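Understanding the architecture of this molecule
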Amino acid sequence: MILNNVNLILEESVVSGSLEIQNGVIRSYSDHPTQLSAAIDGQNSWLLPGLIELHTDNLDKFFTPRPNVDWPAHSAMSSHDALMVASGITTVLDAVAVGDVRDGGHRLDNLQKMIHAVVESQRSGLNRAEHRIHLRCELPHDSTLPLFEELMMQPELSLVSLMDHSPGQRQFASRAKYREYYQGKYHLNDQQMAEFEEEQISLSARWSGQNRQAIAAHCRNRGIALASHDDATAEHVAESQALGSVIAEFPTTEVAARASHQHGLQVLMGAPNIVRGGSHSGNVAAHQLASLGVLDILSSDYYPASLLDAAFRIARDATNSFTLPQAVNLVTRNPARALGLEDRGVIAEGKRADLILARAHDGSQGQHVYVQKVWRQGIQVF
C-alpha cells in the first residue's frame, strides 16, 4: 500500500511526499509523490505515527456509564476501543485503579472484569487499537498490595503508577480544592466530608509508605515500568527516582517538574490541561512546562480526543520552542521509548505502520485537526 501526497511528520522534520507499507511495517518513504495510480491520495493531509496513550481511565466510563449501572464487558470494551482509534490512538494503556474502593467497592467489583475484558479482547484479536494494562495503585489502602500481587503476573501489564490522593499534599495540597472535588463527586455534607478527610489522612499515614516501597520493589524485580504520580516537591522526586520510576505523571508544581526532568524522569502531563489552558485542580499548567522545556509526554487522561488536539496546540503556541515534529513526539515517540517500545512511535523504515491521516480545519473557534483515517500495522482501523 502506498500513501501519496501527504505531509509526513518525522522525528525532526516535515516532508511532503509518499510512504510505502508492506507486511504491516513501513517499507520506505520519499520526499516526492509517486506516479503509481493505485496509491491512496492523502490530499496534502498530515501523516503522523499512531498516538500512544499511557494513562487513560476512559474504560471506566463504558463499564459504568451512570452511577449503579454496570454495562456488559464486551460492549463496554468494544465502544472504548472504537473511541480510541477514532481519536488516532493505536497503542493504549488502559489505566485500572487498584485500591480505590470508596464507591461501596464498585470499582473493586469492576477491577477483574475490566482487566479480563482488556486481556481477552486483545488476545482474541478483537481490538482495533493495541491495548495494554496500566495499574494505578492507590497506596493508602490495606487491599492495594495484595490486589497488586494478584495482578502483576499479567503479561499485558506495561506500566504501574503509585498514587496517594489524600488531602493536604500532592494533587490536593489545597484542602479547599480537595473538599470541592470530593464533596461534588460523592455528594457529602460538611460533616461527612470532614470525617472522610480524616479517614483518608489516617489511611495514608498507615499504608502509603510501606505500599509504595513494596510495589516499587516488585516492579524493579519484574522489569515493569514505574511512574510516580502528582509529585509536588524535590523530595518527592528524589524518592521516586530512588524507587526506580522512569515517568513522572502529572507533577503538580514547576519545582517537581524541573527536578523530574533533571533526574531523567519523563515528565507526563494531561492533554486536557493543554486544551483547557490549565489544571482543573489548580496545579501547574502544562503549557507552562512546555515553555520551560520540561514537558516530555502528553496523556489524554479522561478525554481521548484531547491528545491529537494538544500536540498541534503546542506546536502553534508561540510561548514555547516546540516545532511540529517535537510536539508530535510528545504523543508518539516519547511515550513509546519510555516503555521500551522501539518498534513504533516514529515514521521510519522498518517501524510498525501505525499511522494517522489528519487534516487541519480553520473554523470560527480557531484551527482544529481532525482524524481522517487510522492504520494499525498497515490495516485500516478507522
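Computed from a predicted model, the values in this text were never measured in an experiment.

As a further point, take the overall build of the chain. Counting its regular elements, the chain contains 13 helices and 15 strands. Relative to a compact globule of 382 residues, whose C-alpha radius of gyration would be 21 Å, the chain shows 21 Å and is just as compact. Dimensions of the chain, computed from the C-alpha atoms along their principal axes, are close to 70 × 45 × 45 Å. Contacts in the chain between residues far apart in sequence, at least 24 positions, make up 65% of those at least 6 positions apart. For the chain, the accessible surface area stands at approximately 16200 Å², while carbon and sulfur atoms represent 47% of it. A distance of 2 Å separates the average location of the 31 positive side-chain charges in the chain from that of its 43 negative side-chain charges.

Our focus in this paragraph is the pairing of strand β7 (residues 130-138). Consecutive residues of a regular strand have side chains that alternate between opposite faces of the sheet. Of all nine residues in β7, eight are buried; the element is thus mostly enclosed. Across eight bridges, strand β6 (residues 89-98) lies against β7 in parallel orientation. Looking at β7, one finds that A95 is bridged to H134. Note that β7 and strand β8 (residues 157-163) share six bridges and pair parallel. Within β8, the residue paired with C137 across the bridge is L162. This β-α-β element, β7 to helix α4 (residues 144-151) to β8, shows right-handed connectivity.

Here the focus is the sheet that holds strand β3 (residues 25-30). Here seven strands make up an open sheet; going across it, the order is β3-β2-β1-β4-β13-β14-β15 and the pairing mixed. Across the chains shown, the open sheet's two edge strands, defined by having one partner strand only, are β3 and β15 (379-380). The pairing of strand β4 (residues 40-49) with strand β13 (residues 355-363) spans four bridges and is antiparallel. In the sheet register, L47 faces β13, and the bridge partner there is L357. On the sheet, helix α11 (residues 306-316) packs against β1 (2-9), β4, β13 and β14 (366-376) and is oriented at approximately 130° with respect to β14.

This model, assessed by the stated rule, comprises one cavity of 30 Å³ or more. In this model, the largest cavity occupies a volume close to 50 Å³. In terms of lining residues, the largest cavity is bounded by P49, G50, I52, T90, T91, R344, G345, V346, R352 and D354. Here the residues of the lining of the largest cavity are counted per class, giving three nonpolar, four polar and three charged. Here the lining of the largest cavity spans two domains, since at least three of its residues come from each of domain 1 (1-49 + 344-381) and domain 2 (51-343).

With that out of the way, let us pick up the side chain of T332. Tracing the sequence through the fold places T332 in the loop between α12 (324-329) and α13 (333-338). Its relative accessible area of 0% is what places T332 among the buried residues.

With that settled, consider the domain arrangement of the chain. Per the domain assignment, the segments making up the chain are domain 1 (1-49 + 344-381) and domain 2 (51-343). Spacing between the C-alpha centres of domain 1 and domain 2 amounts to 29 Å. Domain 1 puts 24 residues into the contact, and the matching count from domain 2 is 27 residues. With both sides pooled, the region where domain 1 packs onto domain 2 buries about 2200 Å², and carbon together with sulfur makes up 57% of that total. For the pair domain 1 and domain 2, the number of links is five salt bridges. Of the charged contacts, one joins R333 and E11 as a salt bridge, the two residues approaching to 3.3 Å between their closest N and O atoms. For the pair domain 1 and domain 2, the number of links is 15 residue pairs in polar contact (both at pLDDT 80 or more).

Here we take up the sheet that holds strand β9 (residues 225-229). On the basis of which strands lie adjacent, the open sheet formed by eight strands has the order β5-β6-β7-β8-β9-β10-β11-β12 and parallel pairing. Either end of the sheet is taken by a strand with one partner, and the two such strands are β5 (51-56) and β12 (297-299). Between one strand and the next, the sheet's axes are offset by a mean angle of 25°, whatever the strand orientation. Sheet contacts for helix α2 (residues 73-86): β5, β6 and β7; angle to β6, the most-contacted strand, approximately 135°.

Cut-offs used in this document
Residues numbered from 1 in each chain as written. Predicted model: local features only at pLDDT ≥ 70, side-chain atom pairs only at ≥ 80, totals over all residues. Heavy atoms only, no water. Helix = DSSP H or I, 4+ residues; strand = E, 2+ residues; numbered from the N terminus. Rg over C-alpha atoms; globule rule 2.2 N^0.38 Å. Contact = heavy atoms within 4.5 Å. Areas by Shrake-Rupley, 256 points an atom, 1.4 Å probe, with all protein chains shown as cover. Lys, Arg positive; Asp, Glu negative; His and termini not counted. Charge placed at Lys NZ, Arg CZ, Asp CG, Glu CD. Buried < 20%, exposed > 50% of the residue type's maximum accessible area, 1.4 Å probe, protein only. Pairing = 2+ DSSP bridges. Right-handed = clockwise from strand over helix to strand, strands pointing away. Axes fitted to C-alpha atoms, helices over the stretch in contact; angles between N-to-C directions. 1 Å grid on protein atoms, 1.4 Å probe; cavity = no way out; pocket = protein on both sides within 12 Å on 5 of 7 lines; lining within 4 Å. Points joined across faces, edges and corners; volume = space filled by probe spheres on them. Nonpolar A, V, L, I, M, F, W, Y, C, P; charged D, E, K, R; others polar. Domains from an automatic or database assignment. Buried area = accessible area lost by both parts, 1.4 Å probe. Salt bridge = Lys/Arg side-chain N within 4 Å of Asp/Glu carboxyl O. Polar contact = N/O pair within 3.5 Å; in protein donor to acceptor, adjacent residues only side chain to side chain.

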